[in-house]
Amino acid sequence: MLKRVNQKAKADKNTGFGTNANSYGGRFINKNGTANIEKRGMHVLRRTSWYHTMIDMPVWKFMMIILSFYVGINFVFASIYYGIGVEHLDGIAGSDSEWVKFGQVYFFSAQTFTTVGYGHISPTGFLTSALSSAEALIGLLSFAIATGLFFGRFSRPKAFLKFSHNAVIAPYGEISGLMIRLTPFKNTNFTDAEAKITLGMSIEENGKLVNKFYSLDLELEKINALSLSWTLVHPITEDSPLFQFNEDDFANTNGEIVVFVKTFDDMFSNTVAIRTSYTFDEVVYGAKFEPMYTRSNDSSKTILNLDKLNSYDKVTLG
């Protein structure tokens, strides 16, 4: 395989990825841009940032955790109130069944936790009064934390960009080029967009399997505005590490293309970044992306068809 790699291409040593291929498992970067790394050797409570976890998790999972915490902690306090004795809570009828009493205690706990306090049930005695005071304090602190998490999730700068599922090897003038497409998919304004692509391959060198990384030159590394789709193009010239690569080489080589994009978001007034990667089996050899945008019927607007982000046509390379 080393003989197939263009010897004119110079490998990078400052990529941050290790060179020992035998120590790596799977891809370098997941499709969602996260590092494909599992950390061990330290307790999970020490190696996990719970703030980052709560900020980054899906919305449905975040809401389920908030709801589960709310239901669970009120169940705990209701059990303590019930253990102390419902006779220390005015407003609960002694003739009610035990399940009805526990239900009333649970809703009293929920009212205390949220500091609503309808006044239908009130604590009497030192233990229940002290417990309700502690629960009200814990409720205030819990809602303060939840509010901060909600604000952090909504206000966190995020690059609302989507990459095509596949990279393609397409005709590019008299030669061919590696092409990757991306597009903004929400009502955001991106300016000063900059892209960088790194190619990583596992190559046998001197009888040892090593990782080699190459920075791929792009047709355009920066653009002033990112309003439509942007196709990143790496011309496969005589200086490219992919020079003279054919379809079989892509099929039989363990390689990965890492893409990094950063741009300025006017809404957040901040720079946002996103990355992804393509393994060689996600590269379509001999294909060309279909156009994503066209003019409207009255020629007054440009229509960006987001559903065509991954659309391509098969072509024959010269």
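Residues numbered from 1 in each chain as written. Predicted model: local features only at pLDDT ≥ 70, side-chain atom pairs only at ≥ 80, totals over all residues. Heavy atoms only, no water.

Colleague: Got a minute to help me understand the pattern of salt bridges in this structure?
Modeller: Where charged atoms from two side chains of opposite charge come close, those side chains can pair. A complete count under the given rule lists 5 salt bridges for this structure. One salt bridge connects Arg27 with Glu282, and the closest N-O pair in it is separated by 3.1 Å. Of this pair, Arg27 sits in the segment before helix H1 (44-47) while Glu282 sits in the loop between strand E11 (270-279) and strand E12 (283-285), and the two are 255 residues apart along the sequence. Here the two residues Arg27 and Glu282 agree in accessibility, since each one is buried. Notably, a salt bridge pairs Glu98 with Lys101, separated by 3.6 Å at the nearest N-O pair. Highlighted residues: Glu98 and Lys101, both in helix H4 (residues 98-113), separated by 3 residues, approximately one helical turn. Looking at Glu98, the relative accessible area reads 43%, which means it is partly exposed. It is possible to trace a salt-bridge network through shared partners that takes in Arg27, Lys31 and Glu282. (Salt bridge = Lys/Arg side-chain N within 4 Å of Asp/Glu carboxyl O. Helix = DSSP H or I, 4+ residues; strand = E, 2+ residues; numbered from the N terminus. Buried < 20%, exposed > 50% of the residue type's maximum accessible area, 1.4 Å probe, protein only.)

Colleague: Help me understand the environment of Glu205, please; the structure alone is not making it clear to me.
Modeller: With respect to the helices, strands and loops of the structure, Glu205 is situated in strand E6 (residues 190-205). Sequence spacing of Glu205 and Phe102 is 103 residues, and the spatial spacing of their C-alpha atoms is 72 Å.

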